[in-house]
Amino acid sequence: MKTTAAPPKSQPDARKRAIGRKLTVISRQLWQQFDQNMQSTGVSRAKWGLIAAVSRSPGATQRAIAAMLQVTEVTAGRMVDRLCEDGLLERRENPQDRRGYCVYLTPAARPLLDQIGQAATVYEAEAFAGLSQDELAQLEALLDRIALNIAAPSRPEPRKTSDEA
């Protein structure tokens, strides 16, 4: 029995696949290189990631922090526990939920947050070197559209008719 090879991908599909791979690789490289820069300061990814997340969303719940960091609630809770013990974070009662807590930075976290911000500024200058403000705005708009597409609820694939089966 003779089998036929799958038809080659169309050029637009190949381009989309290549762009998807590039986005994945670039994202990984951004995280890894920034993480390496921060390690020289003695700050782990878990620590700087959590501090940055809480600085962007003061008063966030552990559930929200877990979602931001893409970790389980248990993992987020342990991370918050450690930074509370280090005096960098504090839990306060949640006014909307007596059973829950909101997480805030302490004044002791400010120097570390400043250090993270300075490292980010240097790294962003390197990563986006040569791009104009207009190009950055265009890139941001395009990435926003992709993010919206990804966030859209999955649509079921069209059903095949009996003629197509």
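Scroll up a little and you will see the structure.
Not measured: the values here are computed from a predicted model.

Visitor: It is not clear to me how the pattern of salt bridges should be interpreted in this structure. Could you clarify?
Guide: Pairing is possible between side chains of opposite charge, provided their charged atoms come close. Inspection of every chain in the model, using the stated rule, returns seven salt bridges. In this structure, E73 engages R63 in a salt bridge whose closest nitrogen and oxygen atoms are separated by 3.1 Å. With a gap of 10 residues between them, E73 in helix α4 (residues 73-85) and R63 in helix α3 (residues 62-69) connect regions that are remote in the sequence. For E73, a relative accessible area of 41% puts it in the partly exposed group. Taking relative accessible area as the criterion, R63 reaches 58% and is therefore assigned exposed. D81 serves as the salt-bridge partner of R91, at 2.6 Å between the closest nitrogen and oxygen. Taken together, the residues R91 in strand β2 (residues 89-94) and D81 in helix α4 connect sequence positions 10 residues apart. R91 sits in the partly exposed class, given a relative accessible area of 29%. Given the relative accessible area of 34%, D81 is considered partly exposed.

Conventions we followed
Residues numbered from 1 in each chain as written. Predicted model: local features only at pLDDT ≥ 70, side-chain atom pairs only at ≥ 80, totals over all residues. Heavy atoms only, no water. Salt bridge = Lys/Arg side-chain N within 4 Å of Asp/Glu carboxyl O. Helix = DSSP H or I, 4+ residues; strand = E, 2+ residues; numbered from the N terminus. Buried < 20%, exposed > 50% of the residue type's maximum accessible area, 1.4 Å probe, protein only.

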